[in-house]
Amino acid sequence: MNLSEFGKNMIDVILQAFASIVFDPVTLGLMLVGTLAGILAGAIPGFTIAMGVILTLPFTFGMTAIQGLATMLGVFVGGFSGGLMSCMLTGIPGTPSSVATTFDGFPLVRSGKPGLALGLGLWSSFFGGMISAVILVALAPQLAFLGLEFGPWDYFSLIIFALTITVSLSGGNIVKGLIAGLLGLFAATVGEDEINGVARFTFGFDEFRQGFAFLPVLIGLFAFSQLLTDVEDGKRAKSPLMEKSGTLVRVEHRQAIAIILKRWINLFRSSFIGIFTGILPAAGGSISNILAYDQAKKASKNRSNFGKGEYDGIVAPEAANNATAGGALIMMMALGIPGDIVTAVMLGALMIHNIIPGPTFIQDEPLLAYGVFIAFFVAHFFMVGLQAFSLRIFLLVTKIPMYVLASVILAYCAIGVFALHNVVFDIWVMFFFGVIGYFMKKLGFPLAPMILGVVLGKLAELNLARATGISDDLLLFFLRPWSLFFLIMAVISVIFPFYQDAEKGSKFSNIYVPASVFALAIPLLFMESITRLIIALIMIGISFYFVYKSFIKNKALIN
Amino acid sequence: MKINKDTIVSIFLLIFCGIMINSSYYIEDPGYQGMKASFWPRIILWLLSIMSLVMLVKSFADNVDSIKAGSFSKINYMQFKNALICFGMFIFFLTFLEYLGMLIGGILFVFGLLTFLGGFSIKKSTNHLIISVVTIGVMWSIFTFGLKVILPEGELIRIW
């Protein structure tokens, strides 16, 4: 197929995907409801976007794959704008993704400009999402082409990297993070082995032969345990969700758009920070919004205004967190590796429809893949359109006490999980993992590595089996350039928390970055591509420059 | 040296790994070529054992104050009260699901939980009853009629 034919085909597919979303009133209606639900889930403190997406999942069982994914994307995108609504009107971030928005959003509201503050947040989210959607369409197919180079060794190492970076970025104790990841991997081994068809760890129970279905585990670990935490404090659980529920305001759309467009450099920089953070497995909006805020502050001429209602302080985190969604989707669509918990749920939703995302996903299921891209675009328009309406509902919902919501949602979880396979055993699984998740959180274990372990466990084993089936030489994991690249990334990510804790100027902190860059350049040198060779040489140059710079700095300090 | 939460958890994890590694030796080997079914779980379990051991050693070595480490005498067991109520109610709901079905069982579960967590008075209980009947009724209808999911009917309804 030549380039023009390829282009024509791609345009055809995009048009068909566009029609399947925009001209299908059912899909549009579902997306509308999804976006509204997402805005509300994002706005309620204690609820996260991931929880909103997880709770949407059972409703998608009866839908087609594209309808289900479009609905979940609506929740995903809507969630980010819901988060900004509560943080601006009440000073309490609805989700961790909107923490940095509070720094300047709330002061701007208190200075008497609530409509402008909301407008800035809303349109920054919109533009950030649009930029990431364009990058998503452009980059995901390219990354998927790159993924076609991966053999089972490389894929296995990529999964190891995805797990280690999740551990590293989930914060807290790295040993506990690794234990959580390993427990997740172990949970995925229970039941019939996919390669030999042999039962493992069933202890004579027939129900265990099917293994733990991924979704009950996920809903248990994430939603069930979160609800238990939410009702822990009896007094708080009985009071309304928000003491200060805010007032209805009119959003200043035109003024906000004009202000944002004047700050286009900040907008683009923050969006790219968001996209990059989203591409990294496990690093979500909670990290990108703070990173983007920090960079905007460093780059601003009005640094002293930050924290007092500075416009740039709202544009940066809001553009970044919506862009993160696009970044996370790139990884899921191109390589089948979830960028965060939300994309892990979407991966699960695809599996329900017997679709396994991976490097060939965009080629094999072009309509579905481009449908996801289009739905991501469309959801942003819904997000803007629904803001005024959702603000009214938000003000009503905030009057409900948490214990009422938690009780109803716990029952809903049970019904939703049952709907997956029509077996009560799944509800027991959800309950069991809910209890485990609750106590793990209490004991300081991060849940994200465990969830990713459950999601990626079978894939890791399958690729390990394929690799050892082709050759029993385990050295291939270190000799194949991509595999080595990911294993080095895994080691770097495990050491990263120690680098964060290390004193600035210490030997370790001086050597960590150049050594990492140098180590990553080595596999690139062996990739038989001129471009990659040039990149590797540049990386080696950079690492030597860093070493030289720290040497000069140390010398100056001694003198 | 004080025993803290991490010590107990790591010992529990080591025992768990021991049991699972032992049972991995009972995994059937059909004799096919390629990776054995016990290979991957055993790698995970050995790594888990090593990590648990590291955690155990760290829990002894860390000279953290007892409150931070979670000395058992300092734990406020009352903080788990609501969570334990939820566990209890959920186990009750699941155990009797076969007899009560999803509709009646769900309503009773939500009503019970609302009453335990929110308190009891005639006004509150009336509200709780309305909330549980409406929410579970709506959800049950959506799944039964909208998504065509056959939810557990319960023997009680069958007898009627």
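On a predicted model such as this, the values are computed, not experimentally measured, just so you know. (Residues numbered from 1 in each chain as written. Chains lettered and ligands numbered in written order. Predicted model: local features only at pLDDT ≥ 70, side-chain atom pairs only at ≥ 80, totals over all residues.)

Topic: the overall build of chain A
- The helix and strand inventory of chain A stands at 24 helices and two strands.
- Principal-axis analysis of the C-alpha atoms gives chain A an extent of 70 × 65 × 55 Å.
- In chain A, the proportion of contacts linking residues at least 24 apart, taken out of those at least 6 apart, comes to 78%. (Helix = DSSP H or I, 4+ residues; strand = E, 2+ residues; numbered from the N terminus. Contact = placed C-beta atoms within 7 Å.)

Comments concerning the overall build of chain B
- Secondary structure summary: chain B contains seven helices and zero strands in total.
- Moving toward the C terminus, one meets the helices and strands of chain B in the order α-α-α-α-α-α-α.
- For chain B, with 160 residues in total, the buried portion stands at 32%.
- Contacts spanning at least 24 positions in sequence make up 67% of the contacts within chain B whose residues lie at least 6 apart. (Buried ≥ 20, exposed ≤ 12 C-beta atoms within 10 Å, placed from the backbone.)

Structural notes on helix H20 (residues 448–470) of chain A
Residue and element names in this part refer to chain A.
- Helix length check: H20 (23 residues) gives 32 Å between terminal C-alpha atoms against 33 Å at 1.5 Å per residue, within 8%.
- Roughly 50 degrees is the biggest bend found in H20, and it falls at Leu456.
- Counting buried positions along H20 yields 19 of 23 residues, so the element is predominantly enclosed. (Expected span 1.5 Å × (residues − 1). Bend = angle between axes of the 7 residues up to and from the residue.)

Brief notes about the environment of Lys555 of chain A
- Residue position: Lys555 of chain A is located in helix H24 (residues 530–558).
- Counting along the chain gives 453 residues from Lys555 of chain A to Thr102 of chain A, while the straight-line C-alpha distance between them is 43 Å.

Some remarks on unusual backbone geometry
Residue and element names in this part refer to chain A.
- One non-glycine residue with positive phi stands out, namely Phe203, at about 50 degrees.
- Structurally, the position occupied by Phe203 is in the loop between strand S2 (199–200) and helix H9 (214–230).
- With 9 C-beta atoms counted inside 10 Å, the residue Phe203 sits in the exposed group.
- Residues other than glycine seldom take positive phi values, yet Asn422 does so here, at roughly 60 degrees.
- Tracing the chain through its elements places Asn422 in the loop between helix H18 (402–421) and helix H19 (425–442).
- Asn422 sits in the exposed class, given 11 other C-beta atoms within 10 Å.

Re the packing of helix H2 (residues 25–43) of chain A against helix H4 (residues 65–90) of chain A
Residue and element names in this part refer to chain A.
- Running from amino to carboxyl end, H2 crosses H4 at an angle of 35 degrees, the nearest separation of the two axes being 5 Å. Crossing geometry of H2 relative to H4 is assigned as right-handed.
- Its residues assigned to classes, the contact of H2 with H4 comprises 17 nonpolar, 14 polar and no charged. (Axes fitted to C-alpha atoms, helices over the stretch in contact; angles between N-to-C directions. Left-handed = near helix turned anticlockwise from the far one by under 90°. Nonpolar A, V, L, I, M, F, W, Y, C, P; charged D, E, K, R; others polar.)

Points about the packing of helix H14 (residues 312–335) of chain A against helix H17 (residues 366–397) of chain A
Residue and element names in this part refer to chain A.
- With their axes 12 Å apart at the nearest point, H14 and H17 run at an angle of 175 degrees to one another. As far as their axial angle goes, H17 and H14 are roughly antiparallel. Along its contact with H14, which presents Gly326, Leu329 and Met333, the element H17 presents Ala369, Val372 and Phe376.
- Looking at the contact of H14 with H17, its residues break down into five nonpolar, one polar and no charged. (Parallel < 35°, antiparallel > 145°, perpendicular 65-115°, else oblique.)

Section: the interface of chain A and chain B
- On the chain B side, the residues contacting the 44 residues of chain A number 50 residues.
- Listed by contribution, the elements that provide at least two residues to the side of chain A that touches chain B are helix H8 (174–187), helix H10 (234–238), H18, H19 and H20 of chain A.
- Sort the elements by how many residues they give to the side of chain A that touches chain B and H18 of chain A lands first, with 10 residues.
- Looking at the side of chain A that touches chain B residue by residue, the class counts come to 31 nonpolar, eight polar and five charged.

Considerations on the domain arrangement of chain A
All names here are of chain A.
- Assigned domains of chain A: these are domain 1 (3–171 + 247–400) and domain 2 (471–558).
- Taking the mean C-alpha position of each, domain 1 and domain 2 sit 31 Å from one another.
- Of the residues lining the interface, 12 residues belong to domain 1; the matching set on domain 2 comes to 13 residues.
- Partitioned by chemical class, the residues of the side of domain 1 that touches domain 2 number six nonpolar, four polar and two charged. (Domains from an automatic or database assignment.)

Comments concerning the environment of Cys86 of chain B
- Of note, Cys86 of chain B is situated in helix H4 (residues 81–95).
- Along the chain, Cys86 of chain B and Asp29 of chain B lie 57 residues apart, while their C-alpha atoms are 42 Å from each other.
- Residues in contact with Cys86 of chain B, not counting those within four places in the same chain, are Leu228, Val231 and Leu410 of chain A together with Leu113 of chain B.

Remarks on the nonpolar core
- Core analysis: the biggest nonpolar cluster contains 232 residues, and Ile54, Ile179, Phe222, Ala375 and Ile451 of chain A have the highest contact counts within it.
- If we skip the residues at most four places from it in the chain, Ile451 of chain A touches Gly184, Leu218, Leu221, Phe222, Ile341 and Ala344 of chain A. (Core = buried A, V, L, I, M, F, W, Y, C linked by C-beta atoms within 7 Å.)

Let's talk about the environment of Ile257 of chain A
- Its location among the elements puts Ile257 of chain A in helix H11 (residues 253–262).
- On the neighbour-count criterion, Ile257 of chain A (17 C-beta atoms within 10 Å) is partly exposed.

Brief notes about the confidence of the model for chain B
Residue and element names in this part refer to chain B.
- Taken over all residues, the pLDDT of chain B has a mean of 85, while the share at 70 or more is 87%.
- Per-element mean pLDDT across chain B ranges from 47 in helix H3 (residues 66–69) up to 94 in helix H1 (residues 5–24).
- A low-confidence stretch, residues 65–70 (pLDDT under 50), is modelled with 12 contacts involving residues beyond four sequence positions or located in other chains.
- Confidence metrics for the complex model read pTM 0.81 and ipTM 0.90. (pLDDT = per-residue confidence, 0-100.)

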